[in-house]
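# Analysis of the macromolecular model
Here are the chains, one letter per residue:
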Amino acid sequence: TNNPFPWMKHADLFVLSSKHEGLGMVLLEAMACGTNVVATDSPGGVRNVMTGDLRTQLSEQTPQALGEKIMETLNKDSIDFSPYFEPYLPKSITNQFIHEFIESSKRS
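All residue numbers refer to position in the chain's written sequence, counted from 1. Given that the model is predicted, a residue must reach a pLDDT of at least 70 before its local features are reported, and side-chain atom pairs must reach 80 or more before they are shown or counted; all residues, however, enter totals for whole chains, interfaces and linings. Side-chain measures were taken over the full set of non-hydrogen atoms in the model, leaving aside hydrogen atoms and water.

## Quick word on helix H4 (residues 63-74)
Let me state the cut-off plainly: Each helix is a run of H or I in the DSSP string that is no shorter than four residues. Each strand is a run of E no shorter than two, and both are numbered from the N terminus. The span one expects for a helix is its residue count, reduced by one, times 1.5 Å. Burial here depends on accessible area, computed with a 1.4 Å probe over protein chains only, as a share of the maximum for the residue type. Under 20% is buried, over 50% is exposed, and the range in between is partly exposed. Directions pointing from the helix axis toward each C-beta atom define the arc.
Along its 12 residues, H4 runs 16 Å from first to last C-alpha, staying within 8% of the 16 Å computed at 1.5 Å per residue. Along H4, the residues that are buried comprise Ala 65, Leu 66, Lys 69 and Thr 73. One face of H4 carries all of its buried residues, which in axial projection span an arc of 95°. Facing away from the buried side of H4, by more than 90 degrees, are the exposed residues Pro 63 and Gln 64.

Written out as structure tokens, the structure is:
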């Protein structure tokens, strides 16, 4: 489908079972839709997204562990994800870029 967000919004859970993953943008998209997420603890950006209390939503990379994490998460309330995707909003990224630019200009 061209627009997966209605599917994400109405899903009970979004599961990312990658062995390796970049930023994990799809996790941010699911969280922005208010959908609970579970991900395998894989090298890369997933650990950057799944911070704080979201670390409890990470699973070992085995089918058994992932299945247990899925069941555990389906049986608990949804999380307020807004603090977790705040750093990835355009305004936050722009402010960080400006800050880095200013700091780099001071060193030159």
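Next comes the rest of the account.
## Thoughts on the confidence of the model for the chain
Threshold: For every residue, the predictor states its confidence as a pLDDT score lying anywhere from 0 to 100.
For the chain, per-residue confidence averages 91 on the pLDDT scale, and 100% of positions sit at 70 or higher. The secondary-structure element of the chain with the lowest mean pLDDT is helix H5 (residues 82-85), recorded at 84, while H4 shows the highest, at 97.

## As for the pattern of salt bridges
Convention followed: A side-chain nitrogen of Lys or Arg and a carboxyl oxygen of Asp or Glu constitute a salt bridge if their distance falls within 4 Å.
Taken as a whole, this structure holds three salt bridges when the rule is applied. Salt-bridge contacts for Asp 41 lead to Arg 47; the nearest nitrogen and oxygen are separated by 2.7 Å.

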